[in-house]
Amino acid sequence: MVVTGVGLVSPLGVGTEATWSSVLAGRSGIGPITRFDASQFATRIAGEVKGFDPLAFVEKKDVKKMDVFIHFAIAAAQFAVDDAGLRVTPDIATRVGVFVASGIGGFQTIEREHRALIEGGPRKISPFFIPSAIINLAAGQVSIRFGAKGPNSATCTACSASAHAVGDAFEIIRRGDADVMIAGGSEAAITPMGIGGFAAMRAMSTRNDEPERASRPFDRDRDGFVMGEGAGVLVLEEYEFARARGARVLAEVVGYGLTSDAYHMTGQPEDGDGAVRVMQMALDKAGVPPAVVDYINAHGTSTPINDPTEVVAIKRCFGDHAARLLVSSTKSMTGHLLGAAGGLEAGLAVLALRDQVAPPTVNLDNPEEGCDLDFVPHTRRERAIGYAMSNSFGFGGTNAALLFRNPDAA
């Protein structure tokens, strides 16, 4: 199974290379919220996608029929399909599927239509409300755009959603139900309810005067995550299918794990049990020992609960090899894209393999006690990377791990 295309839309840029170049430069995409008046909110910063024009990806007559998270999904899918050099022609359409996830879906649409109902009554609700807001319509609209008639689905597993989408797409191809899957996730939850809900949980950073320094995974001075938005989509192909059409191979997908903590609705067990087992499952599926992994794109949310627990889990899973791993959290630059985080970060792991460079963890000035892995602080690290893993953990204790291999290391 191979990855032939990566499409990214993020607070660091609209487009894969725009995002990737900013990641490697250690730039932050976090700034003051401009989407609404956040002056009364405890958190007034976020990772907004800047300079995004939906008309570049969606026909004018259709823009208002879709929530922003669908716009992002279509854009990222277009970037990924173009990167893969893929044309979904009628002869292959039934063998091309779409699996695009979201953790929340059309929050902006839901809030807008609720206001319309309260202010003007039920006749003011748009007939496009439901198909604009529901989570599976990102996958549906992507399939319509490209004429992909194969398996079509969406996961809604909180912050693991798009990692599960990529992993489930991997399994769909492995069992022979498709030759190509366009897979990932999208999120656009920087809204009054989105920000307000997480702020009410006291889960978000309130470092409002220093937005670029607010997301600081593994640092002792972190005070919560920063919300981001955007989309990450990969094109996965069965190897012989990709080879037959002369596709460029960016990476191989070799392992996928999914587990549950069965512990707490928002927290993780201190021993990292579910995270340990999900990483081990990905390794077992690939049939490789922990010592082959060179880089992990960590879930690394910049929260007091996740960061030390993930470190414990990595140490338990990888043993002595943990000290030799490069581990970074790109959320330090993008913020946390919720259900789109896994798709974005899987894409970044693939690009790390492509270019043989580990992205940095910025803002890591004073690592918390016990957070003593090599987090690639501040500056990217060029190094031979044969295998890269991407971790995603979500509310409800749902976990995902994806393992990729450099095709030259096979």
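Structure's up top.
Here the structure is a predicted model, which means the values were calculated and not measured.

About the thresholds
Residues numbered from 1 in each chain as written. Predicted model: local features only at pLDDT ≥ 70, side-chain atom pairs only at ≥ 80, totals over all residues. Heavy atoms only, no water. Axes fitted to C-alpha atoms, helices over the stretch in contact; angles between N-to-C directions. Helix = DSSP H or I, 4+ residues; strand = E, 2+ residues; numbered from the N terminus. Parallel < 35°, antiparallel > 145°, perpendicular 65-115°, else oblique. Contact = heavy atoms within 4.5 Å. Nonpolar A, V, L, I, M, F, W, Y, C, P; charged D, E, K, R; others polar. Buried < 20%, exposed > 50% of the residue type's maximum accessible area, 1.4 Å probe, protein only. Pairing = 2+ DSSP bridges. Core = buried A, V, L, I, M, F, W, Y, C linked by side-chain atoms within 4.5 Å. Expected span 1.5 Å × (residues − 1).

**Considering the packing of helix α1 (residues 16-25) against helix α13 (residues 341-355)**
Contact pair α1 / α13: the axes reach a minimum separation of 11 Å and the direction vectors enclose 75 degrees. By the angle class used here, α1 and α13 are roughly perpendicular. In contact with Thr16, Glu17, Thr19, Trp20 and Val23 of α1, α13 contributes Leu344, Leu348, Leu351, Ala352, Arg354 and Asp355. Taken together, the residues of the contact of α1 with α13 break down into six nonpolar, two polar and three charged.

**Some details on the pairing of strand β14 (residues 387-394)**
Each regular strand carries side chains that alternate between the two faces of the sheet. Buried residues dominate β14, accounting for eight of its eight residues. Alternating positions in β14 separate into two faces, Tyr387, Met389, Asn391 and Phe393 on one and Ala388, Ser390, Ser392 and Gly394 on the other, with burial throughout. By the bridge criterion, three bridges tie strand β10 (residues 295-297) to β14 in an arrangement that is parallel. Counterpart to Asn297 in the pairing with β14 is Ser390. With eight bridges connecting them, β14 and strand β15 (residues 398-405) associate as antiparallel partners. Bridging from a neighbouring strand, Tyr387 pairs with Arg405 of β15. Between the end of β14 and the start of β15, which pair antiparallel, lie three residues, with Gly396 showing a positive phi angle near 85 degrees.

**A short note on the nonpolar core**
Ranked by internal contacts, the top residues of the largest apolar core, which has 50 residues, are Val3, Trp20, Leu234, Leu236 and Phe404. It is α13 that provides the largest number of residues to this core, a total of nine residues. Not counting chain neighbours up to four residues away, the residues in contact with Leu234 comprise Val3, Gly5, Val6, Val166, Met181, Ile182, Ala183, Ala346, Gly347 and Phe404. Core analysis: the second largest hydrophobic core is formed by 38 residues, Phe57, Val63, Ala84 and Val180 among them.

**Considerations on helix α10 (residues 273-286)**
The end-to-end C-alpha separation of α10 is 20 Å, in line with the 20 Å expected for 14 residues at 1.5 Å each. Within the sequence span of α10, burial applies to Gly274, Ala275, Val276, Val278, Met279, Ala282 and Leu283. Where α10 is buried, its residues meet β9 (251-260), α11 (306-318), β14 and β15. Directly beyond the C-terminal end of α10, a positive phi value near 70 degrees is found at Gly287.

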